[in-house]
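Observations on the three-dimensional arrangement
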Amino acid sequence: MYKLQNYVQRYAWGSPTALTERFGFANPDRLPMAEVWMGAHPSASSKVVIRGNWQSLAAEIAAHPLSMLGQTTYQTFQQLPFLVKLLAADRPLSIQVHPTRYAAQQGFRRENEAQIPPDAPTRNYRDANHNPEVIYALTPFKALKGFKPFDEIARAFQRLNWDHRAVEVFIDNPTSDSLQQLFTTCLRLAEDDKQRVLTHLLHSVAQQEQPIGQTVRMMAEVWPTDLGLLMPLFLNIIDLQPGEALYLAAGTPHTYLQGVGMEVMANSDNVLRAGLTTKHIDIEELVANVQFQEDKAEQRLLAPTISVNQYHYQVPETDFSLSIITITSPCSILTQGLPQLILCLEGVLNLSSAQQALTLSLGESLFIPADQEAYTIKGEGQIALTTVGSCQAPITITPIDGSC
């Protein structure tokens, strides 16, 4: 078992206080703390202690892939296939879409052949992997996710009363094709047209207490002249309560607006942006990766499988699964030959195996290699346990002298 030292991403949208208040993370300079990365992504790998020195987890996995990942995971992915993040949004993130695995492979190869540097600001594909993800709310959490039912989008644009051919076409015939045309038209507006429609939008929602009006005004406090302000007309507005989760498949337009949550995703940093950002926007590449389909109500939240003290979130992809486990008495957990990453969400817990024992406190995390067959947990608290998604069932937990 390896305790992790994790990389903090200080993006401008991050909160200077939320992770300190929730987890006690030190931030004496009160700089934005947007994300804490836990895993082995090559651009920001966690570190582990090896023979008394901090070393990259990615490097340790590369040096000992079978013991760290297990044969099944190594043969399937050749890397740790998931990345865990703590996310604290004080202001809206960019409107974004993640590519499929095939699109990422093609785009990554294409940009490599064009000799675009890996860290170039115009780069679309940082790696060759897809990036499905789950966001699990730790505080009340506001997000946009997926296209509304087409009739709702049509009504939103009717209320906007914007005289534009693409709007008329969509309202008269709301289909995936006409939605793509309207969405693309909005992103490509010339400066004069952009200012005109945004002025009209902000005026129309100035006193509106409906979710669209409230959300547009919230976004406009930070991005008053950005075309991303039109996205609440397109996308579902979702308010998560602590303990609720969203699944975001490739091609799903989304953004997080405010709150603290935990993200679990495929081990990728591929993001295609549509607005609310000063970073690179490639409209053609973005639109090519968007799935222009309705995100129906029953698809918006990710329902867990509940098993006594465990909420297990299984996603369609095999890269990862997530379990939220409440510990109240001693128990034993099996790795099932798969790597695991544990984040302590509440309390103080003592973990032990045949070889070692360690304490895990609030906000601390650790990596458990696949060759660690089982370990015990004692104490009272709650953990988020991420493992490879080929484990379809909830994590195997065995009580020790009672139920945990």
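Structure: see above.
Overview of the structure. (Residues numbered from 1 in each chain as written. Predicted model: local features only at pLDDT ≥ 70, side-chain atom pairs only at ≥ 80, totals over all residues. Heavy atoms only, no water.)

**Here we look at the pairing of strand β15 (residues 310-314)**
The element β15 is largely enclosed, with a buried count of four among its five residues. Sheet topology note: the strand β14 (residues 305-307)/β15 ladder contains three bridges and is antiparallel. By the bridge assignment, T305 is partnered in β15 with H312. A loop of two residues connects β14 with β15, the two strands running antiparallel in sequence, and V308 in this loop sits at a positive phi of about 55 degrees. Summarising the sheet, β15 and strand β16 (residues 321-327) pair through five bridges and their orientation is antiparallel. Across the sheet, the residue bridging to Y311 is I324, located in β16. Taking the residues between adjacent antiparallel strands as the criterion, β15 and β16 are bridged by six residues. (Buried < 20%, exposed > 50% of the residue type's maximum accessible area, 1.4 Å probe, protein only. Helix = DSSP H or I, 4+ residues; strand = E, 2+ residues; numbered from the N terminus. Pairing = 2+ DSSP bridges.)

**Here we look at helix α7 (residues 165-172)**
For α7, every residue scored as buried is listed here: A166, V167, V169 and F170. Along the axis of α7, the buried residues cluster in a sector spanning 165 degrees; they form a single face. Among the exposed residues of α7, those oriented more than 90 degrees off its buried face are R165 and D172. Buried positions along α7 lie against α6 (150-160) and α8 (176-187). (Arc of directions from axis to C-beta. Contact = heavy atoms within 4.5 Å.)

**What to know about the side chain of H130**
Mapping H130 onto the fold places it in the loop between α5 (101-113) and β8 (133-137). At 3.0 Å, the side chain of H130 and the side chain of R101 are in polar contact. Here D319 takes part through its side chain, which lies 3.0 Å from a polar atom of the side chain of H130. (Polar contact = N/O pair within 3.5 Å; in protein donor to acceptor, adjacent residues only side chain to side chain.)

**A few points about α6**
Looking only at α6, the buried set comprises F150, I153, A154, A156, F157 and L160. Burial along α6 is one-sided: seen end-on, the buried residues are contained in an arc of 160 degrees. Buried positions along α6 lie against β9 (141-147), α7, α8, α9 (191-204), α10 (211-220) and α11 (231-234).

**With respect to unusual backbone geometry**
The phi angle at Q115 is positive, at roughly 60 degrees, despite the residue not being glycine. Of note, Q115 is situated in the loop between α5 and β8. Located in the positive-phi region is Q336, a residue other than glycine, with phi close to 55 degrees. Relative to the elements of secondary structure, Q336 occurs in the loop between β17 (331-334) and β18 (340-352). With relative accessibility at 44%, the residue Q336 sits in the partly exposed group.

**Examining the pairing of strand β6 (residues 82-89)**
With respect to burial, β6 is a largely interior element, eight of its eight residues being buried. Where strand β3 (residues 35-38) and β6 come together, four bridges link them in antiparallel fashion. By the bridge assignment for β6, V36 is matched with L86.

**Comments concerning the pattern of salt bridges**
Inspection of the entire model under this criterion finds twelve salt bridges. The salt bridge involving R123 is made with E111; its shortest N-O contact spans 3.1 Å. Of this pair, R123 sits in the loop between α5 and β8 while E111 sits in helix α5, placing them twelve residues apart in sequence. Here D239 ties to K142 by a salt bridge, and the two come within 3.2 Å at their closest N and O atoms. On the criterion of sequence distance, the pair formed by D239 in strand β10 (residues 235-240) and K142 in strand β9 is long-range, its members being 97 residues apart. According to the relative accessible area criterion, K142 is buried, its value standing at 16%. (Salt bridge = Lys/Arg side-chain N within 4 Å of Asp/Glu carboxyl O.)

**What to know about the packing of α6 against α7**
Orientation of α6 relative to α7, taken along the N-to-C sense of each, is 140 degrees, at an axis distance of 9 Å. As judged from the angle between their axes, α6 and α7 are oblique. As for how α6 packs across α7, the hand of that crossing is left-handed. Residues F150, I153, A154, F157 and Q158 of α6 touch α7, and the partners they reach there are V167, F170 and I171. In terms of residue class, the contact of α6 with α7 is built from seven nonpolar, one polar and no charged. (Axes fitted to C-alpha atoms, helices over the stretch in contact; angles between N-to-C directions. Parallel < 35°, antiparallel > 145°, perpendicular 65-115°, else oblique. Left-handed = near helix turned anticlockwise from the far one by under 90°. Nonpolar A, V, L, I, M, F, W, Y, C, P; charged D, E, K, R; others polar.)

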